[in-house]
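Per-entry structural report
Listed below are the residues making up each chain.
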Amino acid sequence: MSKVLLTLWMTVAFLSFARAQEEARQQYLREQAMLKRMMLERELDSGVYYMDQGEHKKADAKFRYVLANIQGVPSDLAFHFGKNSYFLGQYAQSVDWLNKYIQLKGTTGQYSTEAVQWLKKAEEGVLRARAEEAKDRPQRVMSSEYDIDCGPTGKVICPVCYGDHVIIKKGAFGDQYQTCPYCNEHGILTCEEYNQLIRGALKPKF
Ligand SMILES: [Zn+2]
C-alpha cells in the first residue's frame, strides 16, 4: 500500500515540477519578447530624434530596422516613417504610411493633425514628381498621326485580312469564315482607305 502511495506522490511531484519548469520557460520567453520590444522602441525613439535633427537618412535606417524586426507595427512608427519618407522625397511611400496612421487613429490620434498636413504635402509631391517625369519624357510620335504615302501604285494589301478578303474566326463549333468588310474583292485598300483604317476611321462596308 505504501509503495502505491509513494509512486503516486512521485508522479504528482514530477508533474508539478514539469509544470513549474514550463511556466518558467514561458516567463523567460515573455521577458525576452518584452526586452526586444523595449529595444525596438528605443530604436524608434532615436529615429525620431534623428528626424528632428534633420538627419533623415539616419532616421530612415532606424525606422527600417524597427519595421524589419517588430511584430505588429505600432501606429506611431507608421506616422514617423511616413513623415520622414516625405523628407527623403519618397512621396508615394510617405502617402502610404501616413494614410495607414490616419486609418488606424482617425482624427483623434496624437499625430492626426500633423499626419493630415504631411499627407497633403506628400500628395503634392507625388503629383509634382509625376509632372516632372512627363516633362522629361520625349513626346511620343505615333504613325497614325501622319498620312502614309502608299507608293506609286496607291494601293495597299489589306492588313485586316492579309489580302485574303476573308477573315477566319475561331469559334466553339470550328472555324467561321467571313468576308473582310474593309477591302475590295482582291484584298486591296486604296491609300486613302488605308490611312483611314490605321486611324480607326475607316467604316466597315457591312
Ligand atoms: Zn481585307
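Predicted, not measured: the structure shown is a model, and the values here were computed from it.

When its secondary structure is counted, the chain shows 6 helices and 4 strands. Along its sequence from the N terminus, the chain presents helices and strands in the succession α-α-α-α-α-β-β-β-β-α. Its C-alpha radius of gyration of 36 Å places the chain more than 25% over the 17 Å reference for a compact globule of 206 residues. Structurally, the chain occupies a C-alpha span of about 115 × 65 × 30 Å along its principal axes. Expressed as a percentage of its 206 residues, the buried residues of the chain come to 18%.

A few words on the domain arrangement of the chain. Often, the extent of an interface is quoted as the loss of accessible area upon association of its parts. Domain parsing of the chain yields domain 1 (15-136) and domain 2 (145-198). Between the C-alpha centres of domain 1 and domain 2 there is a distance of 60 Å.

The subject of this paragraph is the packing of helix 3 (residues 75-87) against helix 4 (residues 91-105). In a packed pair of helices, the relevant descriptors are the angle between the two axes and the axis-to-axis distance. It is at 7 Å that the axes of helix 3 and helix 4 come closest, and there the two elements cross at 155°. It follows that helix 3 is roughly antiparallel to helix 4 by the angle criterion. As for the relative orientation of helix 3 and helix 4, their crossing is left-handed in sense. Here Ser75, Ala78, Phe79, Phe81, Gly82, Ser85 and Tyr86 of helix 3 lie close against helix 4, whose contacting residues are Tyr91, Gln93, Ser94, Trp97, Leu98, Lys100, Tyr101, Leu104 and Lys105. Residues of the contact of helix 3 with helix 4, tallied by class, amount to 9 nonpolar, 5 polar and 2 charged.

What follows covers helix 4. Relative to the 21 Å expected for 15 residues at 1.5 Å per residue, helix 4 spans 21 Å between its end C-alpha atoms, a close match to the ideal helical length. Taken as a whole, helix 4 has its buried residues at Tyr91, Ser94, Val95, Trp97, Leu98, Tyr101 and Ile102. The first or second residue beyond helix 4 is Gly106, which carries a positive phi of 65°.

Another aspect to go through is helix 5 (residues 112-136). Between the first and last C-alpha of helix 5 there are 36 Å, a value that for 25 residues agrees with the 36 Å anticipated at 1.5 Å per step. Among the residues of helix 5, those classed as buried are Ala115, Trp118, Leu119 and Ala122. Those residues of helix 5 hidden inside the fold are in contact with helix 3 and helix 4.

It is worth spelling out the nonpolar core at this point. Counting residues in hydrophobic clusters, the biggest one holds 22 residues, and the most contacted among them are Leu98, Tyr101, Ala115, Leu119 and Ala122. Elements with a minimum of two residues in this core: helix 1 (2-52), helix 2 (56-69), helix 3, helix 4 and helix 5. The element best represented in this core is helix 4, accounting for 6 residues. Leaving out residues up to four positions away in the same chain, Ala115 has contacts with Phe79, Leu98, Tyr101 and Ile102. Counting 7 residues, the second largest nonpolar core, distinct from the first, contains Val156, Cys158, Tyr182 and Tyr194.

A few words on the pairing of strand 3 (residues 174-179). Counting buried residues along strand 3, only 0 of its 6 residues qualify, which leaves the element largely exposed. Judged from the 6 bridges that link them, strand 2 (residues 166-171) and strand 3 form a sheet pairing that is antiparallel. Across the sheet, the residue bridging to Val166 is Thr179, located in strand 3. Here strand 2 folds back onto strand 3 in antiparallel fashion, the turn holding 2 residues.

Reading the values: rules and limits
- Residues numbered from 1 in each chain as written.
- Predicted model: local features only at pLDDT ≥ 70, side-chain atom pairs only at ≥ 80, totals over all residues.
- Helix = DSSP H or I, 4+ residues; strand = E, 2+ residues; numbered from the N terminus.
- Rg over C-alpha atoms; globule rule 2.2 N^0.38 Å.
- Buried ≥ 20, exposed ≤ 12 C-beta atoms within 10 Å, placed from the backbone.
- Domains from an automatic or database assignment.
- Axes fitted to C-alpha atoms, helices over the stretch in contact; angles between N-to-C directions.
- Parallel < 35°, antiparallel > 145°, perpendicular 65-115°, else oblique.
- Left-handed = near helix turned anticlockwise from the far one by under 90°.
- Contact = placed C-beta atoms within 7 Å.
- Nonpolar A, V, L, I, M, F, W, Y, C, P; charged D, E, K, R; others polar.
- Expected span 1.5 Å × (residues − 1).
- Core = buried A, V, L, I, M, F, W, Y, C linked by C-beta atoms within 7 Å.
- Pairing = 2+ DSSP bridges.

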